[in-house]
Amino acid sequence: MSSQAYTPGLKRKAATIVRKTRMLPIQGDVLVKKGDVVEADTIVARTFILGDVQVVNVAGLLGIDLWETSQYMLRKEGEEVEKEEPMAMIKSFFGLFKRYAFAPVSGTVERISDITGQVIIRESRVPLEVDAYIQGKAVETLPNEGAIIETPAAFIQGIFGVGGEKKGRLMIRTGSPSEALTAREIESECNGRILVGGALVTNDAIQKAIKVGAKGIVVGGIDDDDLTSFLGYKIGVAITGQEDIPLTLIITEGFGEMAMSEKTFSLLKEFDGRHASINGATQIRAGVMRPEIVIPRPELAKKKRGDLEDKGEFLEKGLLPGTPIRIIREPYFGALGVVSKLPVPLKTVESESDVRVLEAELDDGRRVIVPRANVEMIEE
Amino acid sequence: MTPPRTPSKSKMKPEEIKVILATDCGSTTSKARFFKKLGNEYRFVASGEAPTTVEAPFEDVTLGVRNEILEVEELTGHKILAPHGIMTPSKGEKEGVDLYVTTSSAGGGLQMMVAGVVKTMTAESAERAALGAGAIVMDVMAVDDGRRPYQKIGRIRYLRPDMILMAGGTDGGNVTHVVETAELIDAAKPRPRLGIDFELPIVFAGNKEARVPIEKILDKAYALKIVDNLRPVLEFENTGPARNVIHELFMEHVMSHAPGYDKLMKWTPIPIMPTPAGEGRMFQAIAKTYSANVIGVGLGGATTNVYSMYEDKFVRTVSANLGMSYSICNVLKEAGTKNIVRWVPFECLEEDLRNRLYNKMIRPTTIPQTVEDLVVEHAVAREALRLGFEHHKLLARPLRGVQRRRTIADIFEQEAFEETYIDMLYIDWVAGTGGLLSHAPRRAQSALMLIDGFQPEGVTSLAQDSVFMMPHLGVLSTVHPKASMEIFEKDCLVRIGVCIAPRGVGKEGEVMEVAIRMPDNSCLEEQVSFGSIKKIPLKEGEKAEVEILPFRGGDVGQGSGKARKVVIEGGVVGIILDARGRPLVLPDEDNERKQKLIEWFKALDAYPERLYEMCGR
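It should be emphasised that the depicted structure is a prediction, and the values quoted were computed from it without experimental measurement.

> Looking at this model, I keep getting lost on the confidence of the model for chain B. Mind explaining?
Low pLDDT marks regions whose predicted coordinates should not be analysed in detail. Residue and element names in this part refer to chain B. Confidence along chain B averages 90 in pLDDT terms, with 94% of residues attaining 70 or more. Confidence, expressed as mean pLDDT per element, reaches its minimum in chain B at helix α14 (residues 414-418) with 49 and its maximum at strand β24 (residues 574-578) with 98. Low confidence marks residues 1-9, where pLDDT is under 50. Its contacts with residues over four positions away, or in another chain, come to 22 contacts. pLDDT under 50 marks residues 411-417. Its contacts with residues more than four places away, or in other chains, come to five contacts.

Structure representation (structure tokens):
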């Protein structure tokens, strides 16, 4: 029963129901109706967010006391101003001399302060849109907020990514999951595509992919140096997805040269050329957000829902004998296998820590003992 | 979401409480600690751990809490969980608990922004108040911080703090600048991180003359609380009222909007406390119990909290970017690869080390299975402690802006005035908590990490939290101080030993001489060469009288080169005679450095033989 407490899991499913809630950060207009069929770039909802503000030191500009500010304003709170329009004025020498405070931007006068002598101007609202992200059907609308889009799809989670949502056709670029993706494998035909490589992607390859206009890269591993060169800075915490980068990168195994899992590679290969939506956003906390590859499969729409629906039972059941796992720490990092035993008593491992362990039978036939904390379950 | 219930104190009398459950919902892991009254005293019985489930896809903290409790149930056979919460009170020997308490730093803990007028005065005091309340300070804003108003507004909008603390102006002093800050905050229209429809709590603890205009600007759109000025006069800092109201608002406005906390708050009759606040209470307890100057550290997965209780001044800092799992690569980034590698005694390519740490960052719940992995994590920990303490010293310094009568000598000592008031020679205790320290397979490993990270000088007791329960005992102490202190003394505080380390650097061949009168009255005479370290066993609870004669130029608290006599208490490691010098400098030459590390590790019997075999030594 307690096994579940330790084990993170990654999904790798050939057929499942993927449901995405597409919501505005603040309330707005929903542009789709329940039942609408949408493309990945269909706009689902739209709103406007508050514009930037500018603070103008009116008292300072006019040379008046702070408490006099509102007396010299030509525009009152709530009124609109145009850029470079005089919004405050003082006359001196019987009106012969005039001094103005001009609006630095167009917007609305939000506050006139007689305590600080400052005037705050709010710029116009900025539109904000949310698209469907995946091809599918709007199965529910959320009034003033957005919609839930659903599709049968293949669904694969990576372990780490950078870059946000991108859409494009999948394109396999290496012959096997153990080959590195280098600049040689990237040509002009990769424009607009999501490239799939094997064990590693080099920075040269990333740069070439950007040059030819690829949308994304999915690969087993990357050296931290190459990631740093790509981003232009070092990552300190794995909270990603907001980077201002031209393509999204997803790694499926980890840092360093790491062959992509055979099954992940085969699954991606099966859908070579198909439309996919990817998101590199990663947020590593308990209850993690991992990067994802969604390959909509509308041809499965007629299949029974029950056969496809992800009931979340796999992770809930936790580790059991027979559960497929990947070892995620030395000395067996990257090895795949199944749980063979789950001994209850704590066991002392090489580091001399007393931990809860499991015995695993690896794909290469070895039987090994590893801390339960050092495996992840693979949901297929 | 149901409105938060105002928790009330437990209805049972303290003496009736026999079974206690305490949990801490950490950023990575939720940890349950189960206590019972055995005979006349409260003792720790069992623990359970499970990943925290605040974030997607679970978004309900109670799932993780149930999982950790399940583990306790499995280990003890004691039934605790009810279908919708926790069984209270206890029935018989194997069912229910009489008291359930919890701390939380899940979902990033309490994230605050603070603002003041002058950066080094009221803004710094506000920062200390927020940190003291257990918050992570996302930004410190001040009128003189060099940023333009639009930059500040942009920053406030971007940060989305859980709460804002505004200070500024001594009572009767500046009003304009205080109001200016309020105007900027209002212009930014900040939204709280959790529960976007709720009002953002703002605490005003500044010039009382500014209260009316501040209310006018902020009262409508925010949950504004006004408390006593935290810097009523420049010479005095009064952070207590602000700290208390932050705790109240943390419960009412922040916790109640975090996923699942509405349920969790109903499970416990005691307000949920931020984890660092719980931890801080226990470090303060050490200082109070032993009338000592104490440095405490909570080395967590996401953050490093450093606490100092120095001559009755309590300061907490949090290095929100330094941690041993999520933020392990921030330690790498801030310390640099070379500074981490310098603590590793075997061949370790820098790029391999970086990839290894990046892999830990993306799989933060994994634990070292091999000795190499363990040594690498301990290397990172030393740097996290060092950097966390450097950060701490920037805030543990005298109040700025205080008028002082200055002499010519003071002018020359201006630099010293700007520096921390913490003098390591007068620190009596260094104590640590957090998963990595508590789970170190040998206590000598924790001892070395604390010594290398903090570099205590003179005579310093070392202690650590046995299985990470200081936050639990901290929140428990608010309702049952007796149980909290009994468990703290007997099951939580592990006395590692005493570190004797002269300040200063000696020359090769010079020695520190130590005469020790052991509990059986035998006398040991030890000589430790400069650059070496040695361990003398002295068990927990045993006392010995030592006379220390440092190497030439070394100071153990009596002045340069002077002897010191002191009575010390032992620990699980014993007496650590550290003649490596302060500051501690590792040899530049690679082989010599590795050899020294192995020599030190062996001297303390810190790691298994396999490590030395691997290093070929």
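> Looking at this model, I keep getting lost on the interface of chain B and chain A. Mind explaining?
Quite often, the size of an interface is put as the accessible area lost when its parts meet. At the junction of the two partners, chain B supplies 63 residues and chain A supplies 68 residues. Buried area between chain B and chain A, summed over both chains or domains, comes out near 5500 Å², and the portion from carbon and sulfur atoms is 52%. Across the chain B-chain A interface, the total number found is twelve salt bridges. Notably, a salt bridge pairs B:Arg442 with A:Glu352, separated by 2.7 Å at the nearest N-O pair.

> I keep staring at the side chain of B:Glu73 and nothing clicks. Help me out?
All names here are of chain B. With respect to the helices and strands, Glu 73 occurs in helix α1 (residues 61-76). For Glu 73, the side chain forms a polar contact with the main-chain nitrogen of Ile 80, separated by 2.6 Å. Glu 73 has contacts with His 78, Lys 79, Ile 80 and Leu 81, leaving out every residue within four places of it along the chain.

> Just checking my understanding: could you explain the packing of helix α3 (residues 149-159) of chain B against helix α4 (residues 176-188) of chain B for this structure?
In a packed pair of helices, the relevant descriptors are the angle between the two axes and the axis-to-axis distance. Residues and elements named next belong to chain B. Here α3 crosses α4 at 55°, and the two axes come no closer than 8 Å. The orientation of α3 with respect to α4, classified from their angle, is oblique. The interaxial crossing formed by α3 with α4 has right-handed handedness. Counted together, Pro 149, Lys 152, Ile 153, Ile 156 and Arg 157 of α3 and Leu 184, Ile 185, Ala 187 and Ala 188 of α4 form the full contact between these two elements. Split by residue class, the contact of α3 with α4 holds seven nonpolar, no polar and two charged.

> What is the right way to read the sheet that holds strand β18 (residues 493-501) of chain B from this model?
Either a parallel or an antiparallel arrangement is found when strands of a sheet pair, and the pairing is made through backbone hydrogen bonds. Residues and elements named next belong to chain B. Sheet architecture is open: eight strands sit in the order β15-β14-β13-β16-β17-β18-β24-β21, paired in mixed fashion. Here the strands that pair on one side only, and so sit at the sheet edges, are β15 (313-319) and β21 (533-536). In this sheet, neighbouring strand axes are inclined to one another by 20° on average, regardless of whether the strands run parallel or antiparallel. Taken together, the four bridges between β18 and β24 define a ladder with parallel strand orientation. Bridging across to β24, Cys 499 finds its partner in Ile 576. Strands in contact with helix α16 (residues 443-454) are β13 (294-299), β14 (304-310), β16 (429-433), β17 (458-465), β18, β21 and β24; relative to β18, the strand with the most contacts, it is inclined by about 50°.

Each value, and the rule that gives it
- Residue indices follow the written sequence of each chain, beginning from 1 at its first position.
- Key to labels: chains lettered from A, ligands numbered from 1, both in the order written.
- Reporting of local features is limited, given that this is a predicted model, to residues whose pLDDT is at least 70; pairs of side-chain atoms are given and counted only at 80 or more, and all residues count toward the totals for whole chains, interfaces and linings.
- Calculation of side-chain values draws on the structure's entire complement of heavy atoms; hydrogens and water are dropped beforehand.
- Each residue carries a pLDDT value, the predictor's own confidence for that position, ranging from 0 to 100.
- Going along the chain from the N terminus, every DSSP run of H or I of four or more residues is numbered as a helix, and every run of E of two or more is numbered as a strand.
- Two residues qualify as a contact provided that any one of their heavy atoms is within 4.5 Å of a heavy atom in the partner residue.
- By convention, the term buried area covers the 1.4 Å-probe accessible surface removed from two parts as they join, with the contributions of both added.
- Basic side-chain nitrogens of Lys or Arg form a salt bridge, by our definition, when they fall within 4 Å of a carboxyl oxygen of Asp or Glu.
- Within 3.5 Å is the distance limit for a polar contact, defined as a pair of N or O atoms, with the added protein rule that one can donate a hydrogen and the other accept it, and that residues adjacent in sequence qualify only through two side-chain atoms.
- To get an axis, a line is fitted to the C-alpha atoms, and for a helix only the part in contact is used. The angle between two axes follows their N-to-C directions and goes from 0 to 180 degrees.
- Here the word oblique covers every angle except those under 35 degrees (roughly parallel), over 145 (roughly antiparallel) and from 65 to 115 (roughly perpendicular).
- Two helices crossing with the near one rotated counterclockwise from the far one by less than a right angle form a left-handed crossing, whereas a clockwise rotation gives a right-handed crossing.
- Charged means Asp, Glu, Lys or Arg here, nonpolar means Ala, Val, Leu, Ile, Met, Phe, Trp, Tyr, Cys or Pro, and polar covers whatever is left, Gly included.
- At least two bridges found by DSSP between two strands are what make those strands a pair.

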